[in-house]
Amino acid sequence: MSIPKEPRQLMINLMYLVLTAMLALNVSAEIINAFFMIDKGIKHSNEIVDHGVKSTIDGMQAVAEKKVHLQPLVDAAKQVPSMIEDLNNYVDSLRFIITYESGGVYVTEATADKWESKGYLGSEGKLHMTEDDKMVGKPSGKKDKDTPQRVIVEQGRGEILKQKIVDTRNALLAIVDSIQHTEIEGVMIDSAEIASLKNDLLLEGPNDEEWAASGKPNWSAHIFGYMPVAACYPLFRKYQNDAKSSAAQIVNFLSGQMGKKELVYDNFDVFSSSPKPYILLGETFE
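Residues numbered from 1 in each chain as written. Predicted model: local features only at pLDDT ≥ 70, side-chain atom pairs only at ≥ 80, totals over all residues. Heavy atoms only, no water.

1. Brief notes about the overall build of the protein
Helix and strand counts for the protein stand at 11 helices and two strands. Along the chain direction, N to C, the helices and strands of the protein fall in the order α-α-α-α-β-α-β-α-α-α-α-α-α. Across the protein, the fraction of contacts at a sequence separation of at least 24, relative to all contacts at a separation of at least 6, is 75%. When the accessible surface of the protein is totalled, it reaches about 17400 Å², and 56% of it is carbon and sulfur. (Helix = DSSP H or I, 4+ residues; strand = E, 2+ residues; numbered from the N terminus. Contact = heavy atoms within 4.5 Å. Areas by Shrake-Rupley, 256 points an atom, 1.4 Å probe, with all protein chains shown as cover.)

What follows is the structure, encoded as structure tokens:
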């Protein structure tokens, strides 16, 4: 668009540009609330997955108390939860940083101490009082797009997250590879099943071709570039869910091996049977 010489037209054009920018920045309250609803739902799912993994490992250990030769499977399963801790903790730190940098959180008088203990210091204006319990813990700068861009993209934290996703996936698969090459009495591990597990693992490595096609300079810019703080919440929780669900996949796979037995036949016998269980008058028995 060329710059007009007439002042009135220049003013109109500038107002148009400002309006366009405001529309681009506007995110409706309904969409913001939807982000938090999704985040809450994924968080609940994560808690269920955590409980399931713990229960499965406890059950495996109970079986191994009687069948000690299966203990290597239990030991491998016990390593799995720790394999995803680094990624989960880093995601939590990102959530804290963008929330803190964008203004802090809403609290009630009853919950202020809890959030202050997490690092949101009220004296620095990071705690915002509300009487609505549903707002507690939500970021005050929920529509802020600049903070995620600066903190995650420009400061390089997104690329660190990308590498942690790759490292976590590799660590989980390494446990499967190690158990595949461990000789366990009576247990036969199917290589095709392992290949299927690796292919279906929920925690996928970042798709470089996808972000390159988007025209963005890197993966973090493609995922988090100028994303509202509220939208980052379910994204963060999604990566944690992928990690936890992948851990559950690995543990369930190891648990499933405890019931598999390799049958070695040392005796054979000959038997015969009729093609049908009955014979009519006049028919020939076979």
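After that view of the structure, there is still more to cover.
2. Notes on the nonpolar core
Residues Leu 161, Phe 224 and Leu 254 are the most contacted members of the largest nonpolar core, which totals 55 residues. Secondary structure elements with two or more residues in this core: helix H2 (29-66), helix H3 (71-83), helix H4 (85-101), helix H6 (146-154), helix H7 (157-180), helix H8 (191-200), helix H10 (219-224) and helix H11 (229-257). With 13 residues, H11 is the single largest residue contributor to this core. For Leu 254, the contacting residues outside a window of four places in its chain are Met 60, Leu 73, Ala 76, Ala 77, Ile 175 and Ile 179. In this structure, Tyr 100, Val 107, Ala 112 and Trp 115 belong to the second largest nonpolar core, which totals seven residues. (Core = buried A, V, L, I, M, F, W, Y, C linked by side-chain atoms within 4.5 Å. Buried < 20%, exposed > 50% of the residue type's maximum accessible area, 1.4 Å probe, protein only.)

3. What about the packing of aromatic side chains?
Inspection of every chain in the model, using the stated rule, returns five aromatic pairs. Members of the aromatic cluster, joined through ring pairs, are Trp 219, Phe 224, Phe 236 and Tyr 239. When the ring centre of Trp 115 is taken as reference, the NZ or CZ atom of Lys 118 above it lies at 4.2 Å. Across the ring face of Tyr 90, the terminal group of Lys 164 is positioned such that the distance to the ring centre comes to 5.4 Å. (Phe/Tyr/Trp six-rings, centres within 6.5 Å; stacked < 30°, edge-to-face > 60°. Lys NZ or Arg CZ within 6 Å of the ring centre and 35° of its normal.)

4. Considerations on the side chain of Lys 164
Tracing the backbone shows Lys 164 in helix H7. The contacts of Lys 164, once residues within four sequence positions are left out, are Asp 86, Leu 87 and Tyr 90.

5. Considerations on the environment of Leu 94
The residue Leu 94 is located in helix H4 in this model. In contact with Leu 94, other than residues within four places in its own chain, are Arg 157, Leu 161 and Phe 236.

6. Observations concerning the packing of H7 against H11
Their axes nearest at 11 Å, the elements H7 and H11 cross at an angle of 5°. Considering the angle they form, H7 stands roughly parallel to H11. Of H11, the residues touching H7 (which contributes Leu 161, Ile 165, Leu 172, Ile 175, Val 176 and Ile 179) are Tyr 239, Ser 246, Ala 247, Ile 250, Phe 253 and Leu 254. Counted by class, the contact of H7 with H11 contains 11 nonpolar, one polar and no charged residues. (Axes fitted to C-alpha atoms, helices over the stretch in contact; angles between N-to-C directions. Parallel < 35°, antiparallel > 145°, perpendicular 65-115°, else oblique. Nonpolar A, V, L, I, M, F, W, Y, C, P; charged D, E, K, R; others polar.)

7. What about the side chain of Ser 245?
Assignment of secondary structure puts Ser 245 in helix H11. Ignoring any residue separated from it by four or fewer positions in sequence, one finds Ser 245 in contact with Val 49 and Leu 202.

8. Some thoughts on H11
Over its 29 residues, H11 extends 43 Å from the first C-alpha to the last, a length consistent with the 42 Å expected when each residue adds 1.5 Å. In terms of residue burial, H11 counts as a mostly covered element, since 23 of its 29 residues are buried. (Expected span 1.5 Å × (residues − 1).)

9. As for unusual backbone geometry
The backbone of Tyr 226 shows a phi angle near 50°, a positive value even though the residue is not glycine. On the secondary structure map, Tyr 226 appears in the loop between H10 and H11.

10. Examining the pattern of salt bridges
In total, this model carries nine salt bridges according to the counting rule given. A salt bridge links Lys 198 to Asp 177; the nearest nitrogen and oxygen atoms lie 2.6 Å apart. Of this pair, Lys 198 sits in helix H8 while Asp 177 sits in helix H7, and the two are 21 residues apart along the sequence. By relative accessible area, which is 26% here, Lys 198 ends up partly exposed. (Salt bridge = Lys/Arg side-chain N within 4 Å of Asp/Glu carboxyl O.)

11. As for the packing of H4 against H7
Two numbers describe a pair of packed helices, the interaxial angle and the distance between the axes. Following both chains from N to C, one finds H4 and H7 inclined at 160°, their axes separated by 9 Å at the closest point. In terms of their interaxial angle, H4 and H7 are classed as roughly antiparallel. H4 and H7 meet at a crossing whose hand is left-handed. For the pair formed by H4 and H7, the contact residues are Asp 86, Leu 87, Tyr 90, Val 91, Leu 94 and Ile 97 on the first element and Arg 157, Ile 160, Leu 161, Lys 164, Ile 165 and Thr 168 on the second. Here the residues of the contact of H4 with H7 are counted per class, giving eight nonpolar, one polar and three charged. (Left-handed = near helix turned anticlockwise from the far one by under 90°.)

Shape is all these values report; function is a separate question.
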